[in-house]
Structure formats: C-alpha cells, structure tokens
Amino acid sequence: QQPVQSPQAVILREGEDAVINCSSSKALYSVHWYRQKHGEAPVFLMILLKGGEQKGHDKISASFNEKKQQSSLYLTASQLSYSGTYFCGTERGNKLVFGAGTILRVKS
Amino acid sequence: DTEVTQTPKHLVMGMTNKKSLKCEQHMGHRAMYWYKQKAKKPPELMFVYSYEKLSINESVPSRFSPECPNSSLLNLHLHALQPEDSALYLCASSPRGAFTGELFFGEGSRLTVL
C-alpha cells in the first residue's frame, strides 16, 4: 500500500520554506526520501529509521513520528536547485514502496 | 566510481522485436533493482536481485526477463512488448541486501514501443 504524500504540488519563491508530508495507514519502520529532477534519476536524500528520529543535510531536514505513522521533509530557505519531485518511500513486506510524489517548483 | 550506468539511454522497438537493457555498477553493491516509471508517476518496482539471486519479482509479465550475470551487471530482456510498456526503466543498486540502505539510481533507459 502506497504512502500518501501532501501536498501534490507547491510553488515557492527563493528563500521561502516548505514542508512535505508522508503518511501511512500502516505501521512505519523506516522512511526514505528521494528527489528527482526533471529528466534525471532519483537521488537519495535521507533515511529515517527510528520513531522520533530527525536528520538534516544542508537546509533540508526530516522528522519521523512513529506513533502518527508519518514523516515530514522540511526545506528551509529554498533555492532554485531544490526544484523537482520529492518521493517518500516506506517499507512494505521487505520492499520499498514510493508515494505518488510532491512536485516542488522554486521560482526566482 | 559511484555510478550506475544504463545503456541504451533511448530505445525504440516494435512489438515483435527482442532487445535488452543493460545496467552496470562497480561499487561492489550486492543488491540490484529494476524499476519502471511512467510520466508523472513514482518508480514502480519490477525485480530485485540480492547477492545475484532473484529475490523479488513483482508479478511482472513474462515479456520482461531479468538476468544477473554477475554482481556488477543486470540485464532486462524485452520481447513482444506492448505500447503500454513504453516508460523509463530505471536500474538501481544498494550496498548490502535488498532495501537495507540508500538506493543508487542510474539515469534510466527511455523505452518506446511502437
């Protein structure tokens, strides 16, 4: 069963912040985040393995709330290079299933 | 070398053709994957090889046939495809067993079936 991402799309101006959410109706054991730019391969951002874990890289960070069965990806002071489609992935029966994606567009 | 290399980048084939997609990695990764991605959709898992053995087949039609000749190579043999099989086919690898960490994706092979 596919995790649910929200919003489906978001448009930002450079410097603005965004939050992308990923939720599941089933228990979450880990959450993976990837970004795919148009015409390119998906690129790994981070994995969160424990409930309550938070990770960050540069101005992109994520949290994992095991009880609420959700994860959020935070993009701070967005840059043009952040544009792309963001996918969360959750483990289902030893497979990784991706959400439908959130399209992020950063405008100058 | 931190790349997953896929060839060809583009492929056009007729419904009666036989062709193959190739994927190569030299990072010593022990799991390799084939994904299919349609426009504006997430990657959809097709096959997983873990330690050179097929560990997951997501009920993919037999017109798609995977092969893992060695730990660095992964092929996808295509035969009698349908127009709806047109998509971006992504190969990925990961360091240890299936889905135990980061997936490294190749840039994909864009397939058009006429």
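Calculation criteria
- Residues numbered from 1 in each chain as written.
- Chains lettered and ligands numbered in written order.
- Predicted model: local features only at pLDDT ≥ 70, side-chain atom pairs only at ≥ 80, totals over all residues.
- Heavy atoms only, no water.
- Helix = DSSP H or I, 4+ residues; strand = E, 2+ residues; numbered from the N terminus.
- Rg over C-alpha atoms; globule rule 2.2 N^0.38 Å.
- Contact = heavy atoms within 4.5 Å.
- Areas by Shrake-Rupley, 256 points an atom, 1.4 Å probe, with all protein chains shown as cover.
- Lys, Arg positive; Asp, Glu negative; His and termini not counted.
- Charge placed at Lys NZ, Arg CZ, Asp CG, Glu CD.
- Pairing = 2+ DSSP bridges.
- Axes fitted to C-alpha atoms, helices over the stretch in contact; angles between N-to-C directions.
- Buried area = accessible area lost by both parts, 1.4 Å probe.
- Salt bridge = Lys/Arg side-chain N within 4 Å of Asp/Glu carboxyl O.
- Polar contact = N/O pair within 3.5 Å; in protein donor to acceptor, adjacent residues only side chain to side chain.
- Disulfide = S-S within 2.5 Å.
- Buried < 20%, exposed > 50% of the residue type's maximum accessible area, 1.4 Å probe, protein only.

On a plain count of helices and strands, chain A comes out with 0 helices and 11 strands. Listed N to C, the secondary structure of chain A is β-β-β-β-β-β-β-β-β-β-β in terms of helices and strands. By the compact-globule yardstick of 13 Å for 108 residues, chain A fits well, its C-alpha radius of gyration being 13 Å. C-alpha atoms of chain A, sized along the principal axes, occupy 40 × 25 × 20 Å. Considering only contacts within chain A whose residues lie at least 6 apart along the sequence, 55% involve residues at least 24 apart. Counting every atom, chain A has about 5,600 Å² of accessible surface; 48% of that belongs to carbon and sulfur. Distance between charge centres in chain A, computed from 13 positive and 8 negative side chains, equals 6 Å.

All names here are of chain B. Spatially, the 4 strands line up as an open sheet ordered E1-E3-E8-E7, and their pairing is antiparallel. Looking at which strands have only one partner, the edges of the open sheet turn out to be strand E1 (4-7) and strand E7 (64-70). Taken pair by pair, the neighbouring strands of this sheet meet at an average axis angle of 20°, ignoring direction. For E7 and strand E8 (residues 73-79), the ladder comprises 5 bridges, and the chain directions are antiparallel. Bridged to Phe64 within E8 is Leu78.

Counting from both sides, the interface comprises 16 residues of chain B and, opposite them, 16 residues of chain A. Per-residue buried area on chain B facing chain A is highest for Pro42, Phe99 and Phe105 of chain B; these three make up 35% of the total on that side. For the pair chain B and chain A, the number of links is 1 salt bridge. Linking chain B with chain A are 3 residue pairs in polar contact (both at pLDDT 80 or more).

Attention shifts here to the side chain of Ser63 of chain A. Mapped onto the fold, Ser63 of chain A is located in strand E7 (residues 60-65). Separated by 3.2 Å, the side chains of Ser63 of chain A and Tyr74 of chain A make a polar contact.

On to the state of the cysteines. Residues and elements named next belong to chain A. Tallied over the entire structure, the rule returns 2 disulfides over all chains. Linked covalently through their sulfurs, Cys22 and Cys88 form a disulfide whose S-S length is 2.0 Å. Where Cys22 bonds to Cys88 through sulfur, the torsion about that S-S bond is close to 75°, and the disulfide is right-handed. In this pair, Cys22 sits in strand E3 (residues 18-23) while Cys88 sits in strand E9 (residues 84-92), placing the two residues 66 residues apart along the sequence.

Under the criterion given, the structure shown has 3 salt bridges over all chains. The shortest N-O distance in the salt bridge between Glu58 of chain B and Lys95 of chain A comes to 2.9 Å. A residue pair is termed interchain when its members come from two chains, as with Glu58 of chain B in the loop between strand E6 (53-57) and E7 and Lys95 of chain A in strand E10 (residues 95-98). Look at Glu58 of chain B and you get partly exposed, because its relative accessible area is 31%. Between Asp85 of chain B and Arg63 of chain B there is a salt bridge, and its shortest N-O distance comes to 2.7 Å.

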